[in-house]
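Residue-level structure breakdown
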Amino acid sequence: MRKHLGLLLAAVFALSPFDGVAGEKQIADVKELAGSWRGWVTGEQGQERATMIVSADGSYKASTPRGLISEGQFYLQDGKLRYRSSRTTGTASLSEDKGKTTLTVLPEDSTYGRADYERVK
């Protein structure tokens, strides 16, 4: 009985929306991504800073201090956020936590690492 109660409580906590807990945010239009972002990209040289500007149509341009530039397009496919760029294609997700909005970009090709950007206010 105690085991069942513990499992029930764990399920309730896992499914309950708590303020301040990061959660994936569904987007209905790529316009929601428009604006400036900064964060970290992981590549062949390790992690480095990056900035990204996303336009209302979902097109973007990202760059690093070393001068690496990637241009691409965010789009929705079957309700999922995806992207294609000059280097890779893959999935993306938007999450919110304590007033911060984070965009995570995951390439399908494991040669390239993920990128995590925070919206610049």
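Our subject is the structure listed above.
Described in the following lines is the structure provided in the data block. None of these values were measured; they are calculated from a predicted model. (Residues numbered from 1 in each chain as written. Predicted model: local features only at pLDDT ≥ 70, side-chain atom pairs only at ≥ 80, totals over all residues. Heavy atoms only, no water.)

Here strand S2 (residues 35-43) pairs with strand S3 (residues 46-54) via nine bridges, running antiparallel. Counterpart to tryptophan 40 in the pairing with S3 is arginine 49. Here S2 folds back onto S3 in antiparallel fashion, the turn holding two residues. For S2 and strand S9 (residues 115-119), the ladder comprises five bridges, and the chain directions are antiparallel. Following the sheet pairing, tryptophan 40 is matched in S9 by aspartate 116. (Pairing = 2+ DSSP bridges. Helix = DSSP H or I, 4+ residues; strand = E, 2+ residues; numbered from the N terminus.)

Turning to the nonpolar core, a few remarks are in order. Within the largest apolar cluster, 19 residues are counted, with the highest numbers of intra-cluster contacts made by Leu33, Met52, Phe74, Leu81, Leu103, Val105 and Tyr117. At the level of secondary structure, the elements contributing two or more residues to this core comprise S2, S3, strand S4 (59-63), strand S6 (80-85), strand S7 (89-97), strand S8 (100-107) and S9. If one sorts the elements of this core by residue count, S3 sits on top with three residues. Those residues within four positions of methionine 52 in sequence are excluded, and the remaining contacts are Gly35, Ser36, Trp37, Tyr60, Lys61, Ala62, Phe74, Leu103 and Tyr117. (Core = buried A, V, L, I, M, F, W, Y, C linked by side-chain atoms within 4.5 Å. Buried < 20%, exposed > 50% of the residue type's maximum accessible area, 1.4 Å probe, protein only. Contact = heavy atoms within 4.5 Å.)

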